[in-house]
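Listed below, chain by chain, are the residues.
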Amino acid sequence: MKSFYVVCKFSFLLIAVFAIGSSFFPQVAISEAAFNSFRVDAVILSGDGLAVLKNPKSADFGLSDLTLAAGSDSCENSDCPATKEVNFEKQVTLTSHDGTISVSGILLDIVDGAFVVEVENLGRVEIKAESAVCEGPGCPIPEVMEPVQIVGNDYMALAIAPHLLIGFGEQKSAASGFHLLDLNSFEVTYTNAADEDLGTARVRPDAIGNALKSLASQSADFAIVPRRLGDVEVAEMLQNNIDDPRGTNRETSIGFDAARVILHPSNPLQELEIGDLTKIYSGEITDWGELGGTEGVIKVLYPEQGSGLSEVLNRAFFKHSSTNSRAPYALTVKLRSDMVKEVRHDPSAIGFSAISENVGVKAVGLVGSCGLEYHASPFAIKSEDYPLAQRMFIYSRAQETLPALVNELVQYVASSAVDFAIDASGHVSSEIERRPQRVSDINLVGDDQIEGADRALVEQLARDLEQFDRLSTTVRFSGQVREFQSKDILELDRLVQYLGDLPSGTKVAVVGFFGDENTLAENASLSVEWANSASEAIQSAGEELLSHLEFVNRGYGELSPVACNTDHPGRELNRSVVIWFSDSADRGQ
């Protein structure tokens, strides 16, 4: 059947039918009642039915460019189809959320999230389910949505989860309601503009070990923890036939937790060595006078064992120390805010605070045994150059098909949209930062004794520092050289996206550093191997998205260390692969 055009104007239906290439003009009429809820600019009549075009009123109702199968009452000639019997049990009325549009008919099916309705005088209509309120005996029974269950240790559950869930609601353009269930547990409910239930997320605090057990047993959908899972925890999961979630889409790094050392404002000390902090917290140093301060017993405050902050301090102070436990007289403080209050009111106290929480106390600098300073800047925290920082993680349960709200939350925490929520919580997000570099960044003791090939390596590094900026993305490693895999580079997708947005011809340098007691040449060789492997993993993940970039790989051994290379913790920090780039032609030569 050739196409005809039906033009509708004002509040009544005016039909003008034009036959194209034919002298036959079939008579077609559509009742005014059929369109009383629509303002139709144009209708095309074809063998497949009617197509409503450019319908401005229906844009929010999912009716733009709507295809309507020709109904029996749409025609007045012998070509009209036979009248169908009405099934009253499947009658529905679909109304837009603002109440301006209403359609009634027989519900035929629900396909790809849209109601398929047979409407008298219009035929088959498809309307997005999310755009309409369904009323009538034919409406589907709403699916009972089980609340999303999130478990984490006290700090993560109470300091991080609320910001994540409120941010999630804002991204969904949903209203979020916050409700306390008991002293510690709470839930966030989500509703749309029509006050319809979109789901609920419940949060309860528990020890990290219990949170992981809840995840493994699938009694929890998410476990939010202050660090990456360790080998012992993963071994227990494997024993219970639960796959290692590390490096999969079930593991997401959501940002960084970091701490500063705080003293009373009257304490004269302005900085402390990492080694001295270890001695204070192990009980080897007990008096401020031993550190050049005013004589007096040091009041040692320590966070609750198992908290995120205690994990940071244990790794920084005791992982490679001959002393494996903190001073027996150290006072345990559960909340960070309480620790700040204690230090604020006690001149003899030492404690820790979040980066953003040091009102009324003095945050002191940290230095290494060789004199290198550690700065608690957002860049240093994101690049993991600052020793009192670590990543926070969220793990989702293992299941091939996740409930819709769980799946949406998985996608949210893996996206850059989560950065705002993390920053708002007083922590540091994973948003990639760019920082210019300087030749003065080369920290090398005994530089005047470097000769030959080693001297050439130093000079090459100096040229590179002038040419390239550094990204905050950093890959840490330890032990012997092995092949990199994509899962070794946390937030690889984010890095690939960042690099993919760089201008064509940008030079990207993947640079390895290796701190060890070997010669500079040996360390440089090892660091090149790491750079080559990491570069291959990055380019493989990016494929065509990164084809417009020029990649070069470098290895500089222990040159330009971020920590003192004189002890194991420092050497561990100095084993890394970093990403440099130059998007300026005159810098990239």
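Residues numbered from 1 in each chain as written. Predicted model: local features only at pLDDT ≥ 70, side-chain atom pairs only at ≥ 80, totals over all residues. Heavy atoms only, no water.

Draft legend 1. Here's a closer look at the state of the cysteines. In the structure shown here, the tally under the stated rule is two disulfides. Between the sulfur of C134 and that of C139 lies a disulfide, 2.0 Å long from S to S. Here C134 and C139 share a disulfide; its torsion about the S-S bond, -95°, makes the bridge left-handed. There is a disulfide in this structure between C370 and C564, and the S-S distance comes to 2.0 Å. With the S-S bond torsion at -90°, the cross-link from C370 to C564 turns out left-handed. On the criterion of sequence distance, the pair formed by C370 in the loop between β21 (365-367) and β22 (373-374) and C564 in the loop between β27 (550-555) and α13 (568-573) is long-range, its members being 194 residues apart. Among the residues examined, C564 registers a relative accessible area of 1% and is labelled buried. For the protein chain, numbering the cysteines in disulfides from first to last along the sequence yields the connectivity 1-2, 3-4. (Disulfide = S-S within 2.5 Å. Helix = DSSP H or I, 4+ residues; strand = E, 2+ residues; numbered from the N terminus. Buried < 20%, exposed > 50% of the residue type's maximum accessible area, 1.4 Å probe, protein only.)

Draft legend 2. Examining helix α12 (residues 520-542) more closely. Under the 1.5 Å per step criterion, the end-to-end length of α12 is 32 Å for 23 residues, consistent within 8% with the ideal 33 Å. Buried within α12 are the following residues: L520, N523, A524, S527, W530, A531, S533, A534, S535, A537, I538 and G542. Once α12 finishes, E543 follows within two positions and takes phi at roughly 45°, a positive value. (Expected span 1.5 Å × (residues − 1).)

Draft legend 3. Up close: the pairing of strand β5 (residues 91-96). Pairing between β5 and strand β6 (residues 102-111): five bridges, direction antiparallel. From the neighbouring strand, L94 faces β6, where its bridge partner is V103. Here β5 folds back onto β6, and the loop between the two strands holds five residues, one of which, G99, carries a positive phi near 80°. Of the strand pairs in this sheet, β5 and strand β9 (residues 132-135) are connected by four bridges, and their pairing is antiparallel. Its bridge partner being in β9, T93 is matched across the sheet by E135. (Pairing = 2+ DSSP bridges.)

Draft legend 4. Spatial organisation of the sheet that holds strand β16 (residues 271-273). Pairing in this open sheet of three strands is mixed, and the strands run β16-β21-β22 from one edge to the other. In this open sheet, the two strands that pair with only one neighbour each are β16 and β22. For β16 and β21, the ladder comprises three bridges, and the chain directions are parallel. Bridged to L272 within β21 is L366.

Draft legend 5. Inspection of the sheet that holds strand β28 (residues 576-582) at higher detail. Within the open sheet, the five strands sit side by side as β24-β25-β28-β26-β27. Their pairing is mixed. Looking at the sheet topology across the chains shown, the edges are occupied by β24 (434-435) and β27. Bridge analysis of strand β25 (residues 469-476) against β28 gives five bridges, and the strand direction is antiparallel. Looking across to β28, one finds that T474 is bridged to V578. Lying on the sheet, helix α11 (residues 492-500) is in contact with β24, β25, β26 (507-513), β27 and β28; it crosses β25 at an angle near 160°. (Contact = heavy atoms within 4.5 Å. Axes fitted to C-alpha atoms, helices over the stretch in contact; angles between N-to-C directions.)

Draft legend 6. Layout of the pattern of salt bridges. Per the counting criterion, the structure on display carries 17 salt bridges. A salt bridge links R124 to E126, with the nearest nitrogen and oxygen atoms 4.0 Å apart. Accessibility expressed as a relative area gives 42% for R124, which makes it partly exposed. A salt bridge links R391 to E491; the shortest N-O distance between them is 3.0 Å. One end of the pair, R391, is in strand β23 (residues 389-396); the other, E491, is in the loop between β25 and α11, and 100 residues separate them in sequence. Taking the relative accessible area as the measure of exposure, R391 reaches 8% and is therefore buried. What emerges from the salt-bridge pattern is a single network uniting K299, E342 and D346. (Salt bridge = Lys/Arg side-chain N within 4 Å of Asp/Glu carboxyl O.)

Draft legend 7. Structural context of the side chain of S353. Position of S353 relative to the elements: it lies in strand β19 (residues 349-354). Residue S353 is classed as buried on the basis of its relative accessible area, which comes to 0%.

Draft legend 8. Structural detail: the confidence of the model for the protein chain. Within the protein chain, residue pLDDT values average 78, and 77% of them lie at 70 or more. Across residues 79-84, confidence stays below pLDDT 50; counting only partners more than four residues off in sequence or on other chains, it has eight contacts. pLDDT under 50 marks residues 585-589. Its contacts with residues more than four places away, or in other chains, come to nine contacts. (pLDDT = per-residue confidence, 0-100.)

Draft legend 9. Structural context of the packing of α11 against α12. One way to put it is that α11 packs onto α12 with a least axis distance of 10 Å and a crossing angle of 75°. As summarised for this structure, α11 and α12 are arranged roughly perpendicular, according to the angle between their axes. On α12, the residues touching L492, L495, V496 and L499 of α11 are A537, I538, A541 and G542. Residue classes in the contact of α11 with α12 are distributed as seven nonpolar, one polar and no charged. (Parallel < 35°, antiparallel > 145°, perpendicular 65-115°, else oblique. Nonpolar A, V, L, I, M, F, W, Y, C, P; charged D, E, K, R; others polar.)

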